[in-house]
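Listed below, chain by chain, are the residues.
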Amino acid sequence: MKRLFLPLALGTALLSSNPATATDPQQLLKQTESKVIEWRRHLHQYPELGNREFKTAKYIEKHLRSLGMEVETGVAHTGVVALLKGGNPGPTVALRADMDALPVAEQVDIPFASKVKTEYNGEQVGVMHACGHDTHVAMLMGAAEVLAAMRDELSGNVLFVFQPAEEGAPDGEEGGAELMLKEGLFEKYKPQVAFGQHVTSTLPSGVIGYRSGPLMASSDEFRITVKGRQTHGSRPWGGVDPITAAAQIVMGTQTIVSRQIDISKEPAVVSFGKIAGGVRNNIIPDSVFLNGTIRNFDMDNRQQIFKKLKTTAERIAESSGAEAEVEILEGYPVTVNNPALTEQAVPVLKAVAGDKNVMEIPKITGAEDFSFFALEVPGFYYFLGVTPAGTDPATAASNHSPRFYVDETALKTGTEAITRLTLNYLSAARGQ
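This is a predicted model, so every value here is computed, not measured.

Q: I tried to follow the pairing of strand β10 (residues 218–227) on my own but got confused; where do I start?
A: Along a regular strand, successive side chains alternate from one face of the sheet to the other. Here β10 pairs with strand β14 (residues 287–296) via 10 bridges, running antiparallel. From the neighbouring strand, T225 faces β14, where its bridge partner is F289.

If you want it as structure tokens, here you go:
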């Protein structure tokens, strides 16, 4: 029996005008399973850092060209983009996979473990796909193969976006989704929606987690330099103490979230991660440096926090006779899942993974630059569990850990999910 991939709530129209001749994607998906694993293992063994994914890009490009697609390379340094044109008119769906690895030395005992070393911030480091981007690339390569085989039946186009530097560009460089958009990616191809997925150790293998609306937080860095006037520790009145001013700033800025913004709207966090100042126990220094992060789930609150952080730090320093210079480095915005697109996607995910294996998950204070794509067009981003049976996801090595482990049996679920979300959207759009 052929497996239906369109939920009944969205209609049962098949991709072909003649259901009897419509291609069954299930057989095509089955044929890609071993290939996806093979691709993933290759990518895992030869990882590359952000904006340096040269061999990874060549590997992807070769596959996409073999499928007869229009391929564009060198996008945002090393990104690869391919357009699959369907046989019938319709919208364009963007599918995104990130390509970069992390400066982490692998500690997982597998035959294809990474032995790669490179230079990062002036140091020799190991390189590992410790966040699973190798799986994202492999699954999207699998989806590309299935959809390319169905091109004549597609009512619309599919834009495959293999993105570099999701983990952040090297110091002094631009990169990632933001640079792709800055270079005109969406202006050129004009997708109507964007889909993305991410593997996670926090869910059992094959389980899919989603959330409508804000899913992942914005991530911004702040730097505060508190300037005083150096003096002997025995005579603090002889100068201006930036250490006590900095301590008051640390405490005072906590009232931004607890007292100055509407926390009933969305949660937020202001955290300090670094304090540096002084060289000796009895010398009050000239300055103290504070460094931290802001996480938030509402774009309006985000701007309020920026403004109030600057005001709070400057006024507290001024009250001590010191001066505070505040620099805010905007990072990734809030990742927001379009509610209507989420409502349309969830039945598809349940048809793929089973009702019990698709669940709504809490907000995540981590950040993702898929958020830039989702600001341009309606987006839907979800998580795929990869922790094997017998291992508790609560204690499994997390993403970014040198012991992060992927149960490869989950990859068929991810490949099918991203493929069927695309087919469903194109079919539903045609029926409107």
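Q: Help me understand the packing of aromatic side chains in this model?
A: Each pair of aromatic rings is reported with the distance of its centres and the angle of its planes. A full pass over the atoms with the stated rule returns 8 aromatic pairs. Ring geometry for F222 versus F272: centroids 5.0 Å apart, planes at 80°, classification edge-to-face. Of this pair, F222 sits in strand β10 while F272 sits in strand β12 (residues 268–276), placing them 50 residues apart in sequence. Here the aromatic rings of Y332 and F372 are separated by 6.0 Å at their centres, their planes lie at 80°, and the arrangement is edge-to-face. Here the residue Y332 occupies a position in strand β15 (residues 323–332), and F372 occupies one in helix α10 (residues 370–376), the gap between them amounting to 40 residues. Neither residue differs from the other here; Y332 and F372 are each classed as buried. Through a chain of ring-to-ring contacts, the aromatic side chains of F186, F370, F373, Y381 and F383 assemble into a single cluster.

Q: In this structure, what is going on with the environment of P25? I would like to understand it.
A: Locating P25 in the fold gives a position in helix α1 (residues 25–45). When the C-alpha atoms of P25 and E330 are compared, they prove to be 42 Å apart, with 305 residues separating the residues in sequence.

Q: Explain the environment of L140 to me, please; I cannot follow it from the model alone.
A: Position of L140 relative to the elements: it lies in helix α3 (residues 133–149). You can call L140 buried: its relative accessible area is 3%. Considered as a pair, L140 and Q197 are 57 residues apart in the sequence and their alpha carbons are 9.6 Å apart. Residues within four places of L140 in sequence aside, it is in contact with L95, R96, A97, F160, V161 and F162.

Q: How should the side chain of H63 be read in this particular structure?
A: Looking at the secondary structure, you find H63 in helix α2 (residues 54–66). Since its relative accessible area comes to 9%, H63 is described here as buried. Among the polar contacts listed, one links the side chain of H63 to the backbone oxygen of M141, at a separation of 3.1 Å. Excluding its chain neighbours within four sequence positions, the residues that come into contact with H63 are W39, M141 and E145.

Q: What is the right way to read the sheet that holds strand β2 (residues 79–85) from this model?
A: By definition, the strands of a sheet pair up through backbone hydrogen bonds, in either a parallel or an antiparallel sense. Pairing within the open sheet is mixed, and its 8 strands lie in the order β1-β2-β6-β3-β7-β18-β8-β17. A single partner strand is all that each edge strand has here, and the edge strands are β1 (70–75) and β17 (358–360). With strand direction ignored, the average angle separating the axes of adjacent strands in the sheet is 25°. The sheet contact formed by β1 and β2 spans 5 bridges and is antiparallel.

Q: Is there a simple way to think about the environment of H400 in this case?
A: Summarising the element assignment, H400 is placed in the loop between β18 (379–387) and α11 (411–431). Sequence separation between H400 and C131 is 269 residues; the distance between their C-alpha atoms is 5.2 Å. Contacts of H400, omitting those with residues within four sequence positions, involve L102, V104, A130, C131 and E167. At 3.2 Å, the side chain of H400 and the side chain of E167 are in polar contact.

Q: Please explain the packing of α1 against α2 as it appears in this structure.
A: For any two helices packed against each other, the geometry comes down to the angle between their axes and how far apart the axes lie. For the pair α1 and α2, the least separation of the axes is 11 Å and the interaxial angle reads 160°. With respect to α2, the element α1 is oriented roughly antiparallel. For the element pair α1 and α2, the recorded crossing hand is right-handed. Together, E38, W39, H42 and L43 of α1 and T56, Y59 and H63 of α2 make up the contact between the two elements. Grouping the amino acids of the contact of α1 with α2 by side-chain chemistry returns 3 nonpolar, 3 polar and 1 charged.

Q: Explanation requested: the pattern of salt bridges in the structure shown.
A: Proximity of charged atoms lets side chains of opposite charge pair with each other. Counting across every chain of the model gives 23 salt bridges. The partner of E70 in a salt bridge is K85, with the nearest N and O atoms 3.2 Å apart. On the criterion of sequence distance, the pair formed by E70 in strand β1 and K85 in strand β2 is long-range, its members being 15 residues apart. Across the pair D298 and K265 runs a salt bridge, and its minimum N-O distance is 3.4 Å.

Q: How should I be thinking about the confidence of the model for the chain in this particular structure?
A: Regions with low pLDDT carry predicted coordinates that are not meant to be interpreted in detail. Across the chain, the average pLDDT comes to 94, with 94% of residues at or above 70. Predicted confidence for residues 1–21 stays below pLDDT 50, and this span has 42 contacts to residues more than four positions away or in other chains.

Q: Quick question: what am I supposed to make of the pairing of strand β6 (residues 155–163) here?
A: A large share of β6 lies buried, amounting to 9 of its 9 residues. In this sheet, β6 lies alongside β2 in antiparallel orientation, the contact comprising 6 bridges. Its bridge partner being in β6, L84 is matched across the sheet by V158. As paired elements, strand β3 (residues 88–98) and β6 share 8 bridges and run parallel to each other. Looking at the pairing, V93 lines up with V158 of β6.

Q: I keep staring at the sheet that holds β10 and nothing clicks. Help me out?
A: As summarised here, the arrangement of the 4 strands in space is β12-β14-β10-β15, forming an open sheet in which the pairing is antiparallel. The strands lining the two open edges of the sheet, one partner per strand, are β12 and β15. Direction aside, neighbouring strands of the sheet carry axes that sit 20° apart on average. In this sheet, β14 lies alongside β12 in antiparallel orientation, the contact comprising 8 bridges. Bridging across to β14, A268 finds its partner in N296. Contacts between helix α6 (residues 242–252) and the sheet are confined to β10, β12, β14 and β15, with β14 contributing the most and set at about 10° to the helix. Across the sheet, helix α8 (residues 299–319) is in contact with β10, β12, β14 and β15; its angle to β15 comes to roughly 160°.

Calculation rules
Residues numbered from 1 in each chain as written. Predicted model: local features only at pLDDT ≥ 70, side-chain atom pairs only at ≥ 80, totals over all residues. Heavy atoms only, no water. Pairing = 2+ DSSP bridges. Helix = DSSP H or I, 4+ residues; strand = E, 2+ residues; numbered from the N terminus. Phe/Tyr/Trp six-rings, centres within 6.5 Å; stacked < 30°, edge-to-face > 60°. Buried < 20%, exposed > 50% of the residue type's maximum accessible area, 1.4 Å probe, protein only. Contact = heavy atoms within 4.5 Å. Polar contact = N/O pair within 3.5 Å; in protein donor to acceptor, adjacent residues only side chain to side chain. Axes fitted to C-alpha atoms, helices over the stretch in contact; angles between N-to-C directions. Parallel < 35°, antiparallel > 145°, perpendicular 65-115°, else oblique. Left-handed = near helix turned anticlockwise from the far one by under 90°. Nonpolar A, V, L, I, M, F, W, Y, C, P; charged D, E, K, R; others polar. Salt bridge = Lys/Arg side-chain N within 4 Å of Asp/Glu carboxyl O. pLDDT = per-residue confidence, 0-100.

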